[in-house]
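Observations on the model geometry
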Amino acid sequence: FPSAITALQEMLKAAKQDGLENFLIEEGYRDMATQTGYYQKQAERYQDKYSGEALIEAVRTKGGVNYPGTSEYQTGFSFNLRLYPNPESIDFVESEQGKWLVDNGWKYGIIFRFPTRDFPNASWEDKSHKTGVSVELNVFRYVGEAHAAAMRTLGYCLEEYIEFLMKHPHVSIYENGSLRYEIYRIPETAEPSFNLPV
């Protein structure tokens, strides 16, 4: 999505101003055919041992591939980052670039998607019980500045934040005593349109 690309470009420009470069976007959007191909390849590895829902879970947890239609990459908002020219030589989130992005990405509406035990670092809470992802992935997602600021302040992963919004349909975010963002959750209605109270 253009808004995600724009935020990524602005974030990388800010990182460059801080002397950090060599980001490599390893993967971004996947269409349905690509995701289905990845899924089927992994499913073949586990189909002798699992079937049905157990196979889907095995492919997701052991093979690292989500069922087609449920992948973070299919949203158009997520991407995987590494370092150029040797993406495998340094663990991205342990690099200066990765640390900067984990600490500053929220300012551009970008969140670290799957915090696990001691990943991206020991100060982050393990959220695998909420995300369902327990492997270390360098996946980031654009959620918008207001949502990223709220998630950062609350210490929530995306799943926790959605649960929070279900209970709190109006959220105000203040910066230095001034209203910075207002977030409204609009319930699904039968109406074809609605006025957004901003």
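So, a few notes on the structure that sits alongside this text. (Residues numbered from 1 in each chain as written. Predicted model: local features only at pLDDT ≥ 70, side-chain atom pairs only at ≥ 80, totals over all residues. Heavy atoms only, no water.)

1. So, helix α3 (residues 52-61)
All of the buried residues along α3 are Leu55, Ala58 and Val59. Projected down its long axis, α3 carries its buried residues within an arc of 95 degrees, all on one side. Residues of α3 that are buried in the fold lie against α2 (32-46). (Buried < 20%, exposed > 50% of the residue type's maximum accessible area, 1.4 Å probe, protein only. Helix = DSSP H or I, 4+ residues; strand = E, 2+ residues; numbered from the N terminus. Arc of directions from axis to C-beta. Contact = heavy atoms within 4.5 Å.)

2. Points about the pattern of salt bridges
When charged atoms on two side chains of opposite charge get close, those side chains can pair. Counted under the stated rule, the structure contains 13 salt bridges. A salt bridge links Arg82 to Glu26; the nearest nitrogen and oxygen atoms lie 3.2 Å apart. Remark: Glu26 occurs in strand β1 (residues 23-27) and Arg82 occurs in strand β2 (residues 78-83); sequence separation between them is 56 residues. A residue is classified by how much of its surface remains accessible, and Arg82, at 18% relative accessible area, is buried. Of the charged contacts in the structure, one is a salt bridge between Glu163 and Lys130, with a shortest N-O distance of 3.0 Å. Here the residue Glu163 occupies a position in helix α7 (residues 158-167), and Lys130 occupies one in helix α5 (residues 128-131), the gap between them amounting to 33 residues. The class of Lys130 is partly exposed, set by a relative accessible area of 30%. (Salt bridge = Lys/Arg side-chain N within 4 Å of Asp/Glu carboxyl O.)

3. Some points on helix α4 (residues 96-104)
Within the sequence span of α4, burial applies to Gln97, Gly98, Trp100, Leu101, Val102 and Asn104. Each element contacted by the buried residues of α4 is listed here: α1 (2-17), β1, β2, β3 (110-112), β4 (139-142) and α6 (145-154).

4. A word on the side chain of Asn138
The topology assignment puts Asn138 in the loop between α5 and β4. Judged by its relative accessible area of 2%, Asn138 is buried. Apart from residues lying up to four places away in sequence, Asn138 is in contact with Phe79, Asn80, Leu81, Arg82, Asp91, Phe92, Val93, Phe112 and Phe119.

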